[in-house]
Amino acid sequence: MDTTAGMTLSAARPAGRRRRPRPLPALTTLCGVALLAGCAGNPPSALNPAGTGAARIADTWWLLFWISTAVVVEVMVLLIWALVFRRGNARVRHGQPLRFVTIAGAGLPFVILVAVYGVGLRDLAALGDHPGPDAPTVEVTGHKWWWEVRYQGASGATANEIHIPVGERVKVRLRTDDVLHSFWVPQLMPKTDLIAGETRETWLRAERAGRYRGQCAEYCGTQHAHMAFLVVAEPRTDFDAWLTRLNAPARQPRTAAERRGQQAFLQGTCAACHAVRGTGAQGQAGPDLSNVGTRWSLGAGAVPNDAGHLGGWIANPQTVKPGNAMPPQPVDAAQLPDLIAYLRSLE
């Protein structure tokens, strides 16, 4: 009875009908494309260190990688040996398996783990060795969602951009103004968490000049992904010149459009939250804009710093970075080009 039913069902199936393709190949292809897309551009990588701190992390990572690779190769060789060469009635001497398991399964892993633990302790001690009292000191405060940067002994401030001299250790004092953040420059130093009510310390040292992207590495709210910053490592003379500009008043308007833009800035709502050194704008709620024209981005990495994006940011920043603390600005359309010209002139 069962056989007949099975034959009936088989006969009812069309002869040319094909099986549905399994979704596994398509899913595998999609995952591969996604992985390749993640390799686009030039993202900062801890495996491409530019400083002594990140170099220690990279060395430890490669040490663990090659140990893991050796273990995988050993396991596969033993598996192939067991499947291919040990078939049949091969004799095993008494005590041989126990000796092999003791040495390869317990003794060797113990030695490797102790060695890796010792390397880790050495690196932790080196990373925790903060620079001396004469080192340049940068004070960084995390906000939702941008970074306030001040230099010890300097009166000015900037945002989302840290300048350091090449080849020197720079002490970084970290605070948060609201929630938990995490300060991370993958090519220079491992992460340091910012905890409310505490002042944490880390240090940065770049062995070569360049621009190194940093990022908040702890989820802190809606715009966590747009809380980036830039570390600019430059020769000592350029760094000293940067500090001098940070102490000086902001650049004065030189054109009629810039002068009109300055008046629009000071008489509007902008000056209530932002500061521009040397003017009546002394707001503290938002970033200092004294050098906003030269910054690498707007909104802590949200959009490029150009005239078009700056106009959109002024008119309605919520469309650019939803949830940020800056409300749409009631700027007259006739004044907006002048305001953009003034802000872009601030260097």
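Our subject is the structure listed above.
A.B. asks: Quick question: what am I supposed to make of the side chain of D338 here?
C.D. replies: Looking at the element boundaries, D338 is found in helix α8 (residues 336-345). Setting aside anything within four residues of it in sequence, one finds D338 in contact with A257, R260 and G261.

A.B. asks: Please explain helix α6 (residues 256-267) as it appears in this structure.
C.D. replies: Side chains of residues three or four places apart in an α-helix project in the same direction, reflecting 3.6 residues per turn. Here α6 contains twelve residues, and its C-alpha end-to-end distance of 17 Å stays within 8% of the 16 Å for a straight helix at 1.5 Å per residue. Buried within α6 we find E258, G261, Q262, A264 and F265. Seen from one end, α6 has its buried residues packed into an arc of 160 degrees, which puts them on one side. Contacts from the buried residues of α6 go to α8.

A.B. asks: Sorry if this is basic, but what is going on with the sheet that holds strand β4 (residues 161-165) here?
C.D. replies: Through backbone hydrogen bonds, the strands of a sheet pair up, either in parallel or in antiparallel fashion. Taken in spatial order, the five strands make up an open sheet running β4-β10-β9-β6-β7, and their pairing is mixed. Across the chains shown, the open sheet's two edge strands, defined by having one partner strand only, are β4 and β7 (189-194). Going across the sheet, the axis of each strand differs from the next one's by a mean of 20 degrees, ignoring polarity. Pairing analysis gives four bridges linking strand β6 (residues 181-185) to β7, with the strands arranged antiparallel. What sits directly across from F183, in β7, is T192.

A.B. asks: Help me out: how do you make sense of the environment of V231 in this one?
C.D. replies: Relative to the helices and strands, V231 is located in strand β10 (residues 228-234). Here the alpha-carbon distance between V231 and V185, two residues 46 residues apart in the chain, equals 8.0 Å. Excluding anything up to four places from it in sequence, V231 contacts I162, I164, V185, L188, L204, G210, R211 and Y212.

A.B. asks: What exactly am I supposed to notice about the packing of α6 against α8 here?
C.D. replies: Relative orientation and spacing of two packed helices are given, respectively, by the angle between their axes and the distance between those axes. Relative to each other, α6 and α8 sit at 95 degrees, their axes nearing to 7 Å. As judged from the angle between their axes, α6 and α8 are roughly perpendicular. Residues A257, E258, R260, G261, Q262 and F265 of α6 form the contact with α8, whose own contacting residues are D338, L339, A341, Y342, L343 and S345. Of the residues contributing to the contact of α6 with α8, the split by class is six nonpolar, three polar and three charged.

A.B. asks: Can you walk me through the sheet that holds strand β3 (residues 157-159) in this structure?
C.D. replies: On the basis of which strands lie adjacent, the open sheet formed by five strands has the order β3-β2-β1-β5-β8 and mixed pairing. One side of each edge strand has no neighbouring strand; the edge strands of this open sheet are β3 and β8 (200-204). Neighbour-to-neighbour, the strand axes of the sheet open up by a mean angle of 30 degrees, direction not taken into account.

A.B. asks: Is there a simple way to explain the pattern of salt bridges in this structure?
C.D. replies: When charged atoms on two side chains of opposite charge get close, those side chains can pair. Tallying each qualifying case throughout the model produces ten salt bridges. Close ionic contact of E168 with R236 constitutes a salt bridge, the shortest N to O distance being 2.8 Å. With E168 in the loop between β4 and β5 (170-176) and R236 in helix α5 (residues 236-247), this residue pair connects regions lying 68 residues apart in the sequence. For E168, a relative accessible area of 26% gives the class partly exposed. Between R251 and E258 there is a salt bridge, with the nearest N and O atoms lying 3.3 Å from each other. Comparing R251 with E258, the two get one shared label, buried. Residues joined by salt bridges that share partners form a network here, namely R56, R122 and D123.

A.B. asks: Would you mind going over the environment of E258 with me for this structure?
C.D. replies: Position of E258 relative to the elements: it lies in helix α6. Along the sequence, E258 and S345 sit 87 residues apart, while their C-alpha atoms lie 7.6 Å from each other. The residues contacting E258, other than those within four sequence positions of it, are R251, P253, A341, Y342 and S345. In terms of polar contacts, E258 uses its side chain to reach the backbone amide nitrogen of R254, at 2.8 Å.

A.B. asks: What should I look at first to understand the packing of aromatic side chains in this one?
C.D. replies: The geometry of an aromatic ring pair is captured by the separation of the ring centres together with the interplanar angle, meaning the angle of the planes. Throughout the structure, instances matching the rule amount to ten aromatic pairs. Between W147 and F183 the ring centres are 5.8 Å apart and the planes differ by 80 degrees, which places this aromatic pair in the edge-to-face class. Taken as a pair, W147 in strand β2 (residues 146-151) and F183 in strand β6 lie far apart in primary sequence, 36 residues in all. With a centroid separation of 5.2 Å and 65 degrees between ring planes, the pair formed by W147 and F229 is classed as edge-to-face.

Conventions adopted
Residues numbered from 1 in each chain as written. Predicted model: local features only at pLDDT ≥ 70, side-chain atom pairs only at ≥ 80, totals over all residues. Heavy atoms only, no water. Helix = DSSP H or I, 4+ residues; strand = E, 2+ residues; numbered from the N terminus. Contact = heavy atoms within 4.5 Å. Expected span 1.5 Å × (residues − 1). Buried < 20%, exposed > 50% of the residue type's maximum accessible area, 1.4 Å probe, protein only. Arc of directions from axis to C-beta. Pairing = 2+ DSSP bridges. Axes fitted to C-alpha atoms, helices over the stretch in contact; angles between N-to-C directions. Parallel < 35°, antiparallel > 145°, perpendicular 65-115°, else oblique. Nonpolar A, V, L, I, M, F, W, Y, C, P; charged D, E, K, R; others polar. Salt bridge = Lys/Arg side-chain N within 4 Å of Asp/Glu carboxyl O. Polar contact = N/O pair within 3.5 Å; in protein donor to acceptor, adjacent residues only side chain to side chain. Phe/Tyr/Trp six-rings, centres within 6.5 Å; stacked < 30°, edge-to-face > 60°.

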